[in-house]
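# Examination of the molecular architecture
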Amino acid sequence: MEDVRAILARNIKAARRRLNISQEELAARAEIDRTYVSGIERQVRNPTITVVARFAEALETTTANLLDGNSR
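As the structure is a computational prediction, the values presented were derived from the model and not from experiment.

With that settled, consider the nonpolar core. If you look at the biggest cluster of nonpolar residues, it comprises 18 residues, and the most contacted ones within it are I12, L26, I40, F55, L59 and L66. At the level of secondary structure, the elements contributing two or more residues to this core comprise α1 (4–18), α2 (23–30), α3 (34–41) and α4 (49–58). Of all the elements, α4 adds the most residues to this core, at five residues. Apart from the residues within four sequence positions on either side, L26 is in contact with I12, R16, I21, V37, F55, A58 and L59.

So, on to the pattern of salt bridges. Counted under the stated rule, the structure contains four salt bridges. For the salt bridge of D3 with R5, the shortest nitrogen-to-oxygen distance reads 3.5 Å. Given the relative accessible area of 35%, D3 is considered partly exposed. A relative accessible area of 31% places R5 in the partly exposed class. Three or more residues are tied together by salt bridges with common partners; here these are E25, R29 and E60.

With that settled, the discussion passes to unusual backbone geometry. Positive phi is not limited to glycine here, since E31 has a value of about 55 degrees. Note that E31 resides in the loop between α2 and α3.

With six of eight residues buried, α3 is to be regarded as a mostly interior element. Looking only at α3, the buried set comprises Y36, V37, S38, G39, I40 and E41. For α3, the secondary structure elements touched by its buried residues are α1, α2 and α4. Looking one or two places after α3, you find Q43, whose phi comes out positive at around 65 degrees.

Turning next to the packing of α2 against α4. For the pair α2 and α4, interaxial distance at closest approach is 9 Å and the crossing angle is 110 degrees. For the element pair α2 / α4, the angle class is roughly perpendicular. Here α2 runs over α4; the crossing is right-handed. Taking contact as the criterion, the partners of L26, R29 and A30 in α2 are, on α4, R54, F55 and A58.

Calculation rules
The written sequence of each chain sets the order in which its residues are numbered from 1. Only residues with pLDDT of at least 70 get local features here, since the model is predicted, and only at 80 or more are side-chain atom pairs given and counted; chain-wide, interface and lining totals rely on the full set of residues. The basis for every side-chain value is the complete set of non-hydrogen atoms in the structure, without hydrogens or water. The term nonpolar core refers to a set of buried residues drawn from Ala, Val, Leu, Ile, Met, Phe, Trp, Tyr and Cys, joined through side-chain atoms within 4.5 Å. Only protein chains enter the accessibility calculation, which uses a 1.4 Å probe; a residue is then buried when its area is under 20% of its type maximum, exposed when over 50%, and partly exposed in between. Strands are runs of DSSP state E lasting at least two residues, helices are runs of H or I lasting at least four, and both sets are numbered from the N terminus onward. Residues are treated as being in contact if the distance between any of their heavy atoms lies within 4.5 Å. Put simply, a salt bridge is a Lys or Arg side-chain nitrogen that is within 4 Å of an Asp or Glu carboxyl oxygen. Axes, fitted as lines to C-alpha atoms, cover a helix only where it is in contact. Angles between the N-to-C directions of the axes lie from 0 to 180 degrees. When an angle is under 35 degrees it counts as roughly parallel; over 145 it counts as roughly antiparallel; between 65 and 115 it counts as roughly perpendicular; any other value is oblique. Definitions for this section: a left-handed crossing has its near helix turned counterclockwise from the far helix by less than a right angle. A right-handed crossing has that turn clockwise.

Below is the structure:
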């Protein structure tokens, strides 16, 4: 089973790129520090489900999509 942090990192980065927004813009939309966004994308942070939900809203997707191991 793939590590959930790797799945989340990959899906956040992909969603962010689809929207053509920077880590800084995503951080502003989710009201989270930019360095925290970077840490999640580098898999060194372990966000709470509340933070994942904020990312989903900011990325115009669902929490389930961000945690889906089959998303690409």
